[in-house]
Amino acid sequence: MSTALRFAGRRVARGLLTLWFAVTATFLLLRLLPGNPALAVANPNMTKHDQALLLHQYGLDQPLIVQYGKYLWQLLHGNLGISFTQQVPVSSVLLARLPWTLLLTGSALAVTIAVGVPLGVLAATRRGTVVDRLVQLGGVVGQSLFVPSVGIFLLFFFGLWLRWLPIGGAYSPDAAGAGWYGNVLAHLVLPCLSLMLLQIGSYVLTLRASLIDALGEDYCELARAKGLPNRAVVWKHALRNALLPTTTLVGLQLGFLVGGAVLTETIFAYPGIGRGIYEAVTQLDYPVLQGAFVLLAATVVVASMLTDLLYGVLDPRVRTR
Amino acid sequence: MRRRSFAALAATAVGAPAVGGVLAGCAPSPRPGSRAAGATLTVATTTDVVNFNPLVGNSRTDYWITDLMYPRLLTIDEAGNKQPWLAVRYGYHDPKTGYYRIRDDVRWSDGKPVTAADVAFTINAIKRDKPAGNTTFGQLTNVARASAASATEVLLHLSKPDQTVLREVGFWMNVVPAHVFGKVSNVATFANTGDWVGCGPYTLVSAAKGQAYTLERTEPYPWAPGGKPSLARVVFRVYPDINTEILALRSGEVDLIANTLPPAQVDVLRHTTGITVRKVPGLGYAHLAYNMKHKPLDKLAVRQALAHAVDYAAIRRVVLQGQAVSTHSSPIAPVLTAYADPSMTEYRHDPAHARRLLRQAGYHADARGRFGLSLRMIYSLQDAVTAQWASMVASDAAKAGITITLQGMDRNTYLAKTDAGDYDIYAGNFAIMDDPVTNMALTYLPGGAINYSKVDDPALSKLITDAQVATPDEQRELVAKAAHLVRDNVYDNVVYMQNFYVAHRTEWTGFVAKPSELLTVVDPASLARVRTRS
């Protein structure tokens with residue numbers, strides 16, 4: 001077996017183990033939450049006996065180990081269960097929301113990298129100048145922004161004052177045909193911008209620091225001594241190594257992106273999975289919560305595996321470790 | 001190789017939204033424009049529909065949307081009186097047989113008539129399947145079964161006399177079509193997610209979770225002027241954040257906010273051009289319940305001292321910004337004019353009197369004026385208004401020498417603690433107390449589902465149980481006596497009854513305000529009449 005294959009195999013095995021741990025932890029943590037689903041949905045007229053019947057209907061009156069076993073068995077068969085409150089399969093609940101979260105977080109990530117990498121390079125190559133200081137200041141401010149404040153400001157400025165962009169939702173209810181895609185894009189701009197503003201500081205500052213380090217390395221000095229133009233030294237030699245911490249950050253930030261999306265989706269009335277999770281928490285809808293967390297854990301695990309694999313491509317030494 | 005590695009990172013970044021875009025394309029597309037001519041009213045709400053089955057769903061948005069599709073037997077007027085709706089008449093053939101006589105000119109959206117069989121089916125299905133969120137279920141305790149005596153007469157066969165059941169079931173229960181709901185084995189697990197059959201004024205035609213719910217006009221609709229609802233369609237759009245909701249109203253993206261406004265926003269929107277703010281009377285109240293199973297709250301003097309410690313007027317002025325009224329410490333909302341007793345008086349805010357009461361009860365204050373009484377008060381952090389006045393109550397109590405430890409918590413913990421009776425003082429509110437007799441039974445009878453004070457007073461219990469089988473006139477007298485007992489013994493400490501405010505774009509008119517935060521101006525009677533001023 002080649003080194004690359006062994007490396008990939010180890011990463012996949014580690015990912016599966018992480019996923020199992022996330023599934024188990026989610027299952028247990030939800031049951032440690034105060035309250036019970038019968039209380040969350042019951043009306044004031046409901047007697048204790050009827051609450052007990054409801055718990056039986058949900059299967060929550062069985063021993064924890066039995067519930068866990070059944071849950072894992074169903075999960076292995078691709079069955080995420082039935083929502084307590086909506087009485088529909090969890091998979092359909094999540095699939096209706098997942099595309100919007102992917103669209104939002106994916107776009108935000110793309111825009112963040114597309115803007116953050118050049119800004120990081122600019123700050124590093126203009127180290128100590130006004131430009132560098134401004135970029136650093138922007139980065140620090142960006143990291144300290146609070147989602148609701150940014151969101152409401154953007155909505156007020158672009159949605160209410162300038163009236164350039166819609167206030168909320170993923171599309172207007174009356175949008176149809178080809179215009180629907182433009183409508184979706186218009187609704188995407190502000191939440192995407194909001195997430196980007198919150199994320200970009202980390203990327204810029206990380207890349208700036210690692211690029212400054214890389215530019216001071218011997219191989220960059222050698223490249224310059226060989227007469228390579230500075231642009232080539234930066235973009236072809238130093239940036240590749242400097243991107244390693246940024247690549248790690250992409251994987252790490254994915255979890256934050258999804259978490260941040262809960263608030264962003266709430267402020268911008270975006271119909272993604274983050275909002276679905278919030279609603280399921282308020283109703284203690286265990287199957288939906290479990291399904292959502294499994295999905296998110298799988299997303300983060302897969303992203304992490306991809307990051308590891310990409311790391312291996314960027315730095316072949318990693319594969320041999 | 002260098003080029004390839006950078007390209008890989010770029011591809012990851014750019015590929016994600018591309019994937020998202022493709023998946024988004026797979027998401028349910030919005031329904032193309034309706035064929036029906038006329039205006040569209042866009043209504044903002046903060047939550048999604050949880051369940052489209054009106055026998056199960058119990059969230060506010062569930063109620064608003066399904067209420068536009070599934071009729072109720074009775075409605076309520078501004079004075080809190082139950083009025084005919086689907087049922088034109090109701091009463092009792094004998095003490096154990098109630099009846100509803102229903103209209104004969106109402107049809108489901110698929111053309112089938114609405115009959116007594118639909119009503120009987122709905123009642124029996126609720127009895128049989130016990131849907132979890134269903135309010136009616138608990139009201140059917142004394143109903144053995146329902147039957148259709150004819151196409152227009154429904155009989156309720158009672159297991160024991162109950163004078164409240166017809167009013168309550170008639171007001172709370174949505175009637176569902178037997179020919180649709182009867183096809184499922186268990187109505188409690190029926191999701192009702194499509195092919196909706198309703199009987200107007202509007203029926204759901206499309207739903208995109210997290211996004212919007214579109215309802216279209218049902219014709220004929222005999223309750224609307226001319227037999228036709230004024231709007232072609234009503235669209236509910238979901239804005240989970242109230243600030244976003246208000247921006248959407250101001251920008252014209254929505255025409256009406258269905259949720260009542262937070263007190264702080266009422267004056268702001270009153271002074272906003274293009275926005276009209278409308279008052280809706282409340283039907284519930286905010287209260288403090290003292291757990292009488294916990295010492296020393298079993299002592300009347302301690303409860304009275306706590307009641308006299310609170311500055312009710314300040315709470316209504318500061319937290320509610322003048323948008324709440326006193327119930328005069330009665331558990332009967334003033335809007336229920338048939339039952340409210342104007343002779344009752346609110347507990348006077350008098351910390352010195354509170355201290356006197358405690359001293360008379362044998363408590364001694366220390367050098368700092370503290371009586372050594374330490375009580376835990378729970379409230380839900382999701383209820384911002386209660387969270388504010390809870391801290392004022394604690395501060396007031398401190399002035400009377402009583403220590404109240406605040407325990408704000410998430411809603412589910414709050415519900416669990418409430419259910420377990422794990423509190424000294426419960427701060428919260430009842431949303432709709434529409435029927436004094438029924439509500440007193442739930443609130444003050446031993447074992448009552450919302451008896452948070454754990455009251456067990458034989459004299460009070462007798463008044464309530466007598467009222468349950470008394471005539472309406474007798475009920476008023478018994479309820480008044482019960483209210484006095486509750487007030488004088490501090491079985492419940494009602495802080496205020498809140499009036500609600502809703503906001504809409506000024507170009508719309510015709511709204512009918514129905515009491516309570518649940519009905520407001522999105523009640524079918526209102527939305528069937530709304531139109532643009534032009």
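Residues numbered from 1 in each chain as written. Chains lettered and ligands numbered in written order. Predicted model: local features only at pLDDT ≥ 70, side-chain atom pairs only at ≥ 80, totals over all residues. Heavy atoms only, no water.

(A) View of the overall build of chain B. If you tally the helices and strands in chain B, you get 17 helices and 21 strands. Taken over C-alpha atoms, the radius of gyration comes to 26 Å for chain B, in line with the 24 Å a tight globule of 534 residues would show. If one aligns the C-alpha atoms of chain B with their principal axes, the spans along those axes are about 80 × 75 × 50 Å. Counting the 534 residues in chain B, one finds 60% classified as buried. In chain B, once contacts between residues fewer than 6 apart in sequence are set aside, the share between residues at least 24 apart is 70%. For chain B, the accessible surface area stands at approximately 19500 Å², while carbon and sulfur atoms represent 52% of it. Taken together, the 56 basic and 47 acidic charged side chains of chain B have centroids lying 4 Å from each other. (Helix = DSSP H or I, 4+ residues; strand = E, 2+ residues; numbered from the N terminus. Rg over C-alpha atoms; globule rule 2.2 N^0.38 Å. Buried < 20%, exposed > 50% of the residue type's maximum accessible area, 1.4 Å probe, protein only. Contact = heavy atoms within 4.5 Å. Areas by Shrake-Rupley, 256 points an atom, 1.4 Å probe, with all protein chains shown as cover. Lys, Arg positive; Asp, Glu negative; His and termini not counted. Charge placed at Lys NZ, Arg CZ, Asp CG, Glu CD.)

(B) Looking closely at the environment of Asp241 of chain B. Position of Asp241 of chain B relative to the elements: it lies in the loop between strand 10 (233-238) and helix 7 (242-251). Look at Asp241 of chain B and you get buried, because its relative accessible area is 14%. Separated by 194 residues in the primary sequence, Asp241 of chain B and Thr47 of chain B have C-alpha atoms spaced 9.3 Å apart. Once residues lying within four places of it in the same chain are set aside, the contact partners of Asp241 of chain B are Ile152, Thr266 and Ile267 of chain A.

(C) Structural detail: the pairing of strand 4 (residues 87-94) of chain B. All names here are of chain B. Of the strand pairs in this sheet, strand 4 and strand 5 (residues 97-102) are connected by six bridges, and their pairing is antiparallel. Bridged to Tyr90 within strand 5 is Tyr100. Counting the residues in the hairpin turn of strand 4 and strand 5 gives two residues. (Pairing = 2+ DSSP bridges.)

(D) Main features of the sheet that holds strand 6 (residues 143-148) of chain B. All names here are of chain B. Reading across the sheet, the four strands line up as 4-5-7-6 and stay open at both edges, with antiparallel pairing between neighbours. Sheet topology places strand 4 and strand 6 at the edges, where each strand pairs with a single neighbour. Averaged over all neighbouring strand pairs, the angle between strand axes comes to 20°, with direction disregarded. Sheet strands touched by helix 3 (residues 116-129): strand 5, strand 6 and strand 7 (153-158). Its angle to strand 6, the strand with the most contacts, is close to 155°. (Axes fitted to C-alpha atoms, helices over the stretch in contact; angles between N-to-C directions.)

(E) Region of interest: unusual backbone geometry. Residues and elements named next belong to chain B. The omega torsion across Gly200 and Pro201 is 15°, close enough to zero to call that bond cis. Mapping Pro201 onto the fold places it in the loop between helix 6 (178-181) and strand 8 (202-208). Pro220 follows Glu219 through a cis peptide bond whose omega is -5°. A positive phi is found at Asn192, a non-glycine position, where the angle reads about 55°. Residue classification places Asn192 among the buried residues on the basis of a relative accessible area of 4%. For Asp195, which is not glycine, the phi torsion reads 50° and is therefore positive. Relative to the assigned elements, Asp195 resides in the loop between helix 6 and strand 8. With relative accessibility at 74%, the residue Asp195 sits in the exposed group.

(F) Representation of the side chain of Ser83 of chain A in the model. Looking at the secondary structure, you find Ser83 of chain A in the loop between helix 4 (64-76) and helix 5 (90-125). One polar contact links Ser83 of chain A to Asp285 of chain A, side chain to side chain, over a distance of 2.6 Å. (Polar contact = N/O pair within 3.5 Å; in protein donor to acceptor, adjacent residues only side chain to side chain.)

(G) View of empty space enclosed by the protein. Residue and element names in this part refer to chain B. Applying the stated rule across the entire model yields five cavities of 30 Å³ or more. What the largest cavity holds in volume is close to 110 Å³. Along its surface, the largest cavity is lined by Tyr63, Asp67, Pro71, Arg72, Leu74, Thr75, Trp85, Phe171, Leu519, Asp523, Pro524 and Ala525. Looking at the lining of the largest cavity residue by residue, the class counts come to eight nonpolar, one polar and three charged. Counted as a void, the second largest cavity has a volume near 70 Å³. Looking at the second largest cavity, the residues that line it are Tyr285, Pro331, Ile332, Ala333, Leu336, Met433, Pro436, Asn439, Met440, Thr443 and Tyr444. Of the residues that constitute the lining of the second largest cavity, the class distribution is nine nonpolar, two polar and no charged. (1 Å grid on protein atoms, 1.4 Å probe; cavity = no way out; pocket = protein on both sides within 12 Å on 5 of 7 lines; lining within 4 Å. Points joined across faces, edges and corners; volume = space filled by probe spheres on them. Nonpolar A, V, L, I, M, F, W, Y, C, P; charged D, E, K, R; others polar.)

(H) The arrangement of the UniProt feature "transmembrane region" (unreviewed entry) in chain A in detail. According to UniProt, the positions carrying the feature "transmembrane region" (unreviewed entry) are residues 100-124, 145-164, 184-205, 249-273 and 293-314 of chain A. In the segment residues 100-124 of chain A, helix accounts for 100% and strand for 0%; the C-alpha atoms at its two ends are 35 Å apart. (UniProt positions renumbered as here; feature names shortened; annotations may be inferred.)

(I) Focus on the domain arrangement of chain B. Residues and elements named next belong to chain B. Once the domains are mapped, chain B shows domain 1 (37-69 + 200-274 + 506-533), domain 2 (70-182) and domain 3 (282-498). A straight line from the C-alpha centre of domain 2 to that of domain 3 covers 33 Å. Here domain 2 is connected to domain 3 by two salt bridges. Note that Asp434 is salt-bridged to Lys82, the shortest N-O span being 2.8 Å. (Domains from an automatic or database assignment. Salt bridge = Lys/Arg side-chain N within 4 Å of Asp/Glu carboxyl O.)

(J) Main features of the domain arrangement of chain A. All names here are of chain A. What the domain assignment lists for chain A is domain 1 (12-77) and domain 2 (94-318). One C-alpha centre belongs to domain 1, the other to domain 2, and the line joining them spans 34 Å. Taken together, the contact pairs 21 residues of domain 1 with 13 residues of domain 2. The largest contributions to the domain 1 side of the interface with domain 2 come from Leu19, Leu30 and Tyr71, which together make up 32% of the buried area. Counting every contact that joins domain 1 to domain 2 gives zero salt bridges. In this structure, the connection of domain 1 to domain 2 is made through two residue pairs in polar contact (both at pLDDT 80 or more). Per-element tally for the side of domain 1 that touches domain 2: the top contributor is helix 1 (residues 3-32), with eleven residues. (Buried area = accessible area lost by both parts, 1.4 Å probe.)

(K) Fine view of the pattern of salt bridges. Residues and elements named next belong to chain B. Enumeration according to the criterion identifies 27 salt bridges over all chains in this entry. Residues Lys82 and Glu168 are paired through a salt bridge, measuring 3.2 Å at the closest nitrogen-oxygen approach. Taken as a pair, Lys82 in strand 3 (residues 82-84) and Glu168 in helix 5 (residues 165-172) lie far apart in primary sequence, 86 residues in all. Residues Lys82 and Glu168 agree in their burial class; the two are buried. Between Arg505 and Glu507 there is a salt bridge; the shortest N-O distance is 3.8 Å. For Glu507, a relative accessible area of 37% corresponds to the partly exposed category.

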